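# Coordinate inspection notes
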Amino acid sequence: MDLPVLWFGIAVLAWVLFFVLEGFDFGVGFLGPLLGRTEAERGAAVRTVGPVWDGNEVWLVAAIGVTFAAFPDWYAALLSGLYLPMIALLLLLAVRGVAIEFRGKHDTARWRDRCDAALALSSLLLAGTWGAVLGVLVSGLALSPGGEVQTGGWLGGLGRSLDPLLAPWAVLGGFAGVLLTTVHGATFLALRTTGVLRQRARRLTVATAPALLVIALALFIAAGHAVVAAAAALLALAAVAAWRRAEVVAFAATTLAVAGSVVAVFTAHLDLGAGTGAWVLLRSTLGASGDVTLGAAAASPGALHLITVAGVVVLPGVIAYQAWSYWVFRRRVTSGPVRPAARRPAPAGRPAR
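Residues numbered from 1 in each chain as written. Predicted model: local features only at pLDDT ≥ 70, side-chain atom pairs only at ≥ 80, totals over all residues. Heavy atoms only, no water.

### Describing helix α5 (residues 72-81)
Those residues of α5 that fall on the buried side of the exposure criterion are Trp74, Ala77, Leu78 and Gly81. In a view along the axis of α5, the buried residues occupy a sector of 95 degrees, so they form one face of it. (Buried < 20%, exposed > 50% of the residue type's maximum accessible area, 1.4 Å probe, protein only. Helix = DSSP H or I, 4+ residues; strand = E, 2+ residues; numbered from the N terminus. Arc of directions from axis to C-beta.)

Below is the structure:
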């Protein structure tokens, strides 16, 4: 297989894994205070992602690393055109990580409420901003034939990074991102919790999935991408499965819907009838001469051979470790208060500690 095509597939796979895994992380983050009426229920929601959230973010590092190493021109165009949203995303990821890790460091309800609020707000903004960034990948950037992003509007340099977020596809992507992570997070909570939290998450899936289904159908009509139609069908399946209490099926359906949506975004401008070297990775809004194509953006053959050797060694290990961690933490999390483990009675003849 052509190495640029192979690494384009690996880059898309890494982005798919990031958005699938972090999608339910973000959803759980802002659904916890909404579905958890008590402190114990909100804590249970956080515990469903507590052991795995940082491992899920490894795929962001992998996706950015693969994009940078295999397609440096694509990476440069994206980062130079969206540097302010990217910085905002990194700051929000940091806030979210601190809120999760520091929630249990101080034993007061007020402290935990503040951490829950920071976690919910940062997760909600992350879902909307990532959705808008994916929308920009569909609408394109103002790229010159030399690959430079043109400055636009009265904001000057700021406009270069903020204008793309005002495009219709970016706004629609932001709304779709929040709704999709809501459904995906709700199916994950229904799958991983017990009691009232499980019931509320299931009801939220049934209530939200139809709205997202309407958006997906609108996107299919606008873009005509078959994968978007498949995602719409999967969201309908998720709603029916949640209503019938088939939580594994509902979560699998939303997982495939998120994966299909990301694939649709990254392949939105691929002309399969053209040569692979002419595949458009990032469209220019100024004209076809500014498009970033697979052939022009790919690294040299020597660099691609080198990262292929590194990828064969690293990627299977990352996948195996993550699968093992999900297997270890596969049990459901109780929605009630967590009681401390009872101490074993001291052996006869020894004083109790």
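### Some points on the pattern of salt bridges
When the charged atoms of two side chains lie near each other, side chains of opposite charge can form a pair. Scanning the model with the defined rule gives 12 salt bridges in all. Notably, a salt bridge pairs glutamate 22 with arginine 96, separated by 3.8 Å at the nearest N-O pair. With a gap of 74 residues between them, glutamate 22 in helix α1 (residues 3-35) and arginine 96 in helix α6 (residues 83-102) connect regions that are remote in the sequence. For glutamate 22, a relative accessible area of 0% translates into the label buried. Each of the salt bridges in this network shares a partner with another, and the network as a whole consists of Glu22, Asp25, Glu57 and Arg96. (Salt bridge = Lys/Arg side-chain N within 4 Å of Asp/Glu carboxyl O.)

### Here we look at helix α7 (residues 109-139)
Taking 1.5 Å per residue, 31 residues should reach 45 Å; α7 reaches 45 Å between its end C-alpha atoms and fits that length. Remark: glycine 140 follows α7 within two positions and exhibits a positive phi of approximately 95 degrees. (Expected span 1.5 Å × (residues − 1).)

### Some details on the confidence of the model for the protein chain
Averaged over every residue, the pLDDT of the protein chain is 85; the share at 70 or more is 90%. At the level of individual helices and strands, the protein chain shows its lowest average pLDDT in helix α8 (residues 157-162), which scores 74, and its highest in α6, which scores 93. (pLDDT = per-residue confidence, 0-100.)

### Observations concerning the side chain of threonine 181
By the secondary structure assignment, threonine 181 is in helix α9 (residues 168-192). Ignoring anything within four residues of it in the chain, the contact list for threonine 181 reads Gly23, Phe26, Gly27, Phe30 and Ala127. (Contact = heavy atoms within 4.5 Å.)

### Describing the UniProt feature "transmembrane region" (unreviewed entry) in the protein chain
UniProt annotation of "transmembrane region" (unreviewed entry) refers to residues 6-36, 82-99, 119-146, 166-191, 212-242, 248-268 and 306-329 when read in the numbering used here. Between the first and last C-alpha atoms of residues 82-99 the distance is 26 Å; the span itself is 94% helix and 0% strand. Span residues 119-146 is 75% helix and 0% strand, its end C-alpha atoms 41 Å apart. (UniProt positions renumbered as here; feature names shortened; annotations may be inferred.)

### Focus on the side chain of threonine 193
With respect to the helices and strands, the residue threonine 193 is situated in the loop between α9 and α10 (195-223). Residue classification places threonine 193 among the buried positions, given a relative accessible area of 0%. A polar side-chain atom of threonine 193 sits 2.5 Å from the main-chain carbonyl oxygen of leucine 189. A polar side-chain atom of threonine 193 sits 3.4 Å from the main-chain amide nitrogen of arginine 198. Here threonine 193 is in contact with Thr48, Arg198, Arg332, Val333 and Ser335, once residues within four sequence places are set aside. (Polar contact = N/O pair within 3.5 Å; in protein donor to acceptor, adjacent residues only side chain to side chain.)

### Focus on the packing of aromatic side chains
According to the stated counting rule, one finds 15 aromatic pairs in the structure shown. Geometrically, the ring pair formed by phenylalanine 188 and phenylalanine 251 is tilted, given 5.7 Å between the ring centres and 50 degrees between the ring planes. With phenylalanine 188 in helix α9 and phenylalanine 251 in helix α12 (residues 247-266), the pair connects residues that are 63 residues apart, well separated along the chain. Grouping residues by exposure puts phenylalanine 188 and phenylalanine 251 together as buried. With a centroid separation of 6.3 Å and 40 degrees between ring planes, the pair formed by tyrosine 321 and tryptophan 324 is classed as tilted. Taken together, the residues span about one helical turn, with tyrosine 321 and tryptophan 324 both in helix α14 (residues 301-328) at a distance of three residues. Three or more aromatic residues link up through ring pairs in this structure, and these residues are Phe8, Trp15, Phe18, Phe19, Phe71, Trp74, Trp130 and Phe266. Geometry around tryptophan 327 places arginine 330 over its ring, the cationic atom sitting 3.9 Å from the centre. (Phe/Tyr/Trp six-rings, centres within 6.5 Å; stacked < 30°, edge-to-face > 60°. Lys NZ or Arg CZ within 6 Å of the ring centre and 35° of its normal.)

### Thoughts on the packing of α1 against α7
Orientation of α1 relative to α7, taken along the N-to-C sense of each, is 140 degrees, at an axis distance of 8 Å. If you check the angle between α1 and α7, you find them oblique. Of the two elements, α1 crosses α7, and the hand of that crossing is left-handed. Across the interface between the two elements, Trp15, Phe18, Phe19, Phe26, Gly29, Phe30 and Pro33 of α1 pack against Asp116, Leu119, Ala120, Ser123, Leu124, Leu126, Ala127, Trp130 and Leu134 of α7. The class makeup of the residues in the contact of α1 with α7 is 13 nonpolar, two polar and one charged. (Axes fitted to C-alpha atoms, helices over the stretch in contact; angles between N-to-C directions. Parallel < 35°, antiparallel > 145°, perpendicular 65-115°, else oblique. Left-handed = near helix turned anticlockwise from the far one by under 90°. Nonpolar A, V, L, I, M, F, W, Y, C, P; charged D, E, K, R; others polar.)

### A look at the packing of helix α2 (residues 39-49) against α7
At a minimum axis distance of 11 Å, the contact between α2 and α7 shows a crossing angle of 45 degrees. Viewed along their axes, α2 and α7 adopt a mutual orientation that is oblique. Relative to α7, α2 is oriented so that their crossing is left-handed. Residues Glu39, Arg42 and Val46 of α2 touch α7, and the partners they reach there are Ala109, Arg112, Asp113, Asp116 and Leu119. Looking at side-chain class alone, the contact of α2 with α7 contains three nonpolar, no polar and five charged residues.

### Observations concerning the nonpolar core
Generally speaking, soluble globular proteins have nonpolar side chains that are buried together. Membership of the largest hydrophobic core comes to 86 residues, with the highest contact counts inside it found for Trp15, Phe71, Trp74, Trp130 and Leu282. At 20 residues, α1 tops the list of elements feeding residues into this core. Ignoring any residue separated from it by four or fewer positions in sequence, one finds tryptophan 74 in contact with Phe8, Thr67, Phe266, Leu281, Leu282, Val292 and Ala297. (Core = buried A, V, L, I, M, F, W, Y, C linked by side-chain atoms within 4.5 Å.)

### Focus: the environment of isoleucine 10
Tracing the sequence through the fold places isoleucine 10 in helix α1. Once you skip the residues sitting within four places of it in the chain, isoleucine 10 turns out to touch Val66 and Leu315.

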